[in-house]
Amino acid sequence: MNSVIHVSNVSKSFSKHDVLQDISLSVAKNEIYGLLGPSGAGKTTLIKMIAGIETPTSGKITVLDTTMPSLQIMKRIGFMAQSDALYSELSGRENLEFFASIYGLKGAKQRERIEQTAALVNLTDFLKKPVNQYSGGMKRRLSLAAALLHEPEILILDEPTVGIDPVLRQSVWNELYKLSENGTTILVTTHVMDEAEKCGQLGMIRDGRLIASGSPQQLKESTSSETIEDAFLYYGGVRHEN
Ligand SMILES: Nc1ncnc2c1ncn2[C@@H]1O[C@H](COP(=O)(O)OP(=O)(O)OP(=O)(O)O)[C@@H](O)[C@H]1O
């Protein structure tokens, strides 16, 4: 398989707390891979290690055939954290300018990418506003735009559509599909079942373990489940409150 992300036998502990145990998974090029699991399951910790922000306690992670963490590879990844890392006193545009310059985008190219990514997340008309006047959903959308600025080969998104209304959520997903068709590999975490259904491949995580993986269709068929939620419960998940 032409895998872009390869996680092999990865475990992670904080002090004596085992957060992830023996996780192995692969994400192929162009794939949209979803990590589904309840709050606290370990999704964020796993994607932070894949993005090179955390290091595994044991096991190995390679991204684009390079062992992580690697600064070279981190430049080729767009990472959107769960809590928005934005400057609230700056405007939306100023935030995007800041991130664009970190990614080395300058001049006309910078302006073009800011226009494109802002349009994508429906924020064009709000770019002059300071971020402290944005709603939660607008901040999420601005963070997503920031992660897309440098057209990364790999996008890692931690619950990207939390606080985004259903119409815009669909448009964000349409955009993710377009990106993946054009060669971007996407890893996304979610605790929302209908969102998990939109992924090409899914890894189900509970209590720090990968309890199942496969396409949503495979996971449903192999458990004779009507829904992803039923499949998750079959594999040992807990019912979600939200
Ligand atoms: N830096 C840290 N130090 C100690 N414990 C941590 C640290 N980061 C995460 N944890 C613990 O690891 C566990 C998994 O957290 P993680 O954020 O990865 O879960 P999650 O599935 O992403 O949940 P959520 O969707 O709520 O973010 C939690 O019990 C959390 O308290």
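Residues numbered from 1 in each chain as written. Predicted model: local features only at pLDDT ≥ 70, side-chain atom pairs only at ≥ 80, totals over all residues. Heavy atoms only, no water.

Naming follows an unreviewed UniProt entry, where the chain appears as ABC-2 type transport system ATP-binding protein of Fictibacillus barbaricus.

S.K.: For this particular structure, what's the right way to read the overall build of the chain?
M.R.: A count of helical and extended segments in the chain gives nine helices and 10 strands. Compactness check: the chain gives a C-alpha radius of gyration of 18 Å against a globular reference of 18 Å for 242 residues, within 12% of the reference. Buried residues in the chain amount to 49% of all 242 residues. Summed over its atoms, the accessible surface of the chain is roughly 11400 Å², and 48% of this surface lies on carbon and sulfur atoms. Mean positive and mean negative side-chain charge positions of the chain (25 and 28 charges, respectively) differ by 5 Å. (Helix = DSSP H or I, 4+ residues; strand = E, 2+ residues; numbered from the N terminus. Rg over C-alpha atoms; globule rule 2.2 N^0.38 Å. Buried < 20%, exposed > 50% of the residue type's maximum accessible area, 1.4 Å probe, protein only. Areas by Shrake-Rupley, 256 points an atom, 1.4 Å probe, with all protein chains shown as cover. Lys, Arg positive; Asp, Glu negative; His and termini not counted. Charge placed at Lys NZ, Arg CZ, Asp CG, Glu CD.)

S.K.: Quick question: what am I supposed to make of the packing of helix α3 (residues 92-102) against helix α4 (residues 107-120) here?
M.R.: When two helices pack together, their arrangement is given by the angle between the helix axes and the distance between those axes. Remark: α3 packs on α4, axes separated minimally by 10 Å, with the N-to-C direction vectors making an angle of 125 degrees. Judged by the angle between their axes, α3 and α4 are oblique. Where α3 crosses over α4, the handedness of that crossing is right-handed. Taken together, the residues of α4 that come into contact with α3 (itself represented by Arg 93, Leu 96, Glu 97, Ala 100 and Ser 101) are Gln 110, Ile 114, Glu 115, Thr 117 and Ala 118. Residues that form the contact of α3 with α4 fall into these classes: four nonpolar, three polar and three charged. (Axes fitted to C-alpha atoms, helices over the stretch in contact; angles between N-to-C directions. Parallel < 35°, antiparallel > 145°, perpendicular 65-115°, else oblique. Left-handed = near helix turned anticlockwise from the far one by under 90°. Contact = heavy atoms within 4.5 Å. Nonpolar A, V, L, I, M, F, W, Y, C, P; charged D, E, K, R; others polar.)

S.K.: Would you explain the UniProt feature "domain: ABC transporter" (unreviewed entry) in the chain in this entry?
M.R.: Under the local residue numbering, the UniProt record ascribes the feature "domain: ABC transporter" (unreviewed entry) to residues 5-232. The span residues 5-232 shows a helical share of 36% and a strand share of 27%, and its end C-alpha atoms are spaced 23 Å apart. (UniProt positions renumbered as here; feature names shortened; annotations may be inferred.)

S.K.: So what exactly am I meant to see when it comes to the environment of Ile 205 here?
M.R.: By secondary structure assignment, the location of Ile 205 is in strand β9 (residues 201-206). Ile 205 gets classed as buried once you look at its relative accessible area, which sits at 0%.

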